[in-house]
Amino acid sequence: MNTIWSDCIQGIDTLNLTRALRFSDIFREKYQRAFQIDGRKDILEIGCGPGALCRSLNRWYPEANIYGIDRDSQFIEFARQEAPYISFSEDDATHLSFENERFDVTISNTVQEHIEPAKFFGEQYRVLKKGGVCLVLSARKGINISAPCILEKTEFEREFYRRTDEACEKALRDYNICSYPMNEAELPLEMGKYGFQNISTEFITVNLTPNNPEYSPEMAHAMIDANRRSVLDSIENLKHIIPDLVTPEEIETLKKIKNEKYDRRISLYDAGVKQWDTNMSLIMVLRGIK
Ligand SMILES: C[S@@+](CC[C@H](N)C(=O)[O-])C[C@H]1O[C@@H](n2cnc3c(N)ncnc32)[C@H](O)[C@@H]1O
């Protein structure tokens, strides 16, 4: 049972809700133009987390068979419950349990930077059919501005973070996440080393700004809620990463403070008071053919 990512790094809600927005149908055309995989049958997502991208792929390519693998047991259990019609399994991207030339497409989102490149690209090359498509998605630069009503800190928060920030950063460094970062030129060069051809890059902007009039109240609420759940998850994770520095009472107090702030954010939205908090991601889509 491997639960390191979901317990310590990013919780189920964080990945599930933020990715459901990132891969919402509003942005479908942009992704489909970049992917160019219409008519491809078997699609494997590497490091699928709780499965939000797999569910979008299932809606966008209803004729395809979608498979998702991840090393984290809790993500896979959740993904299966959410979408029993998709084939999810626990597997290691560095030693995939699929036979050679099994898939027409492999795809991943914000996974490459965590896996040794020879394994990451080599295994996808192995399981792809000749002519198959490898898609590597990653969030590059972004703008992330919280609402003013969220930014105001209580004395409890100031004291809590002053005491825990350093230990928390150190503990996260020890998990060796993001050990293989690559810039926008290094990524296609690296992909080429493993035999992929016709390599191309595309960049997609995903603007999640609740107060933008183009977004429905449901979508705006979902954006605020995704931020709320991510913050609550990161507080819960502290129990696993710095257990000696936090008490259950402190965790509950902190969650209560955050919940009150996000309740206020929702009330302001509902009352038409604009805060202009924004989360803009630039998503790189690297595409290569076997
Ligand atoms: C930043 S998360 C992204 C998850 C998902 N792609 C998303 O966007 O929500 C990175 C994911 O890669 C998974 N992962 C890291 N190394 C892995 C490996 N060797 N095999 C399978 N999954 C791995 C983690 O468990 C985690 O779910």
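Before reading further, recall that the structure is shown in the block above.
Because the structure is a prediction, the values reported are computed rather than measured.

Caption draft 1: Summary view of helix H3 (residues 28-35). All of the buried residues along H3 are Tyr31, Ala34 and Phe35. One side of H3 carries all its buried residues, which in axial view fall inside an arc of 95°. Every exposed residue of H3 that faces more than 90 degrees away from the buried side is listed here: Glu29 and Arg33. Phi turns positive one or two residues past the end of H3, at Gln36, with a value near 50°.

Caption draft 2: Just unusual backbone geometry, in detail. Phi angles above zero are rare outside glycine, and Glu101 is one such case at about 55°. Look at Glu101 and you get partly exposed, because 13 C-beta atoms sit within 10 Å. The phi torsion at Asn198 lies on the positive side, around 45°, for a residue other than glycine. Examined against the element boundaries, Asn198 turns out to sit in strand S6 (residues 197-208). According to the C-beta neighbour criterion, Asn198 is exposed, with 9 such atoms within 10 Å.

Caption draft 3: The site of the ligand, seen in detail. Contacts to the ligand come from 19 residues, most closely from Leu15, Gly47, Gly49, Arg71 and Ala93. Of the residues in the shell around the ligand, the class split is 8 nonpolar, 6 polar and 5 charged.

Here is what the cut-offs are and how they apply
- Residues numbered from 1 in each chain as written.
- Predicted model: local features only at pLDDT ≥ 70, side-chain atom pairs only at ≥ 80, totals over all residues.
- Buried ≥ 20, exposed ≤ 12 C-beta atoms within 10 Å, placed from the backbone.
- Helix = DSSP H or I, 4+ residues; strand = E, 2+ residues; numbered from the N terminus.
- Arc of directions from axis to C-beta.
- Near = placed C-beta within 6 Å.
- Nonpolar A, V, L, I, M, F, W, Y, C, P; charged D, E, K, R; others polar.

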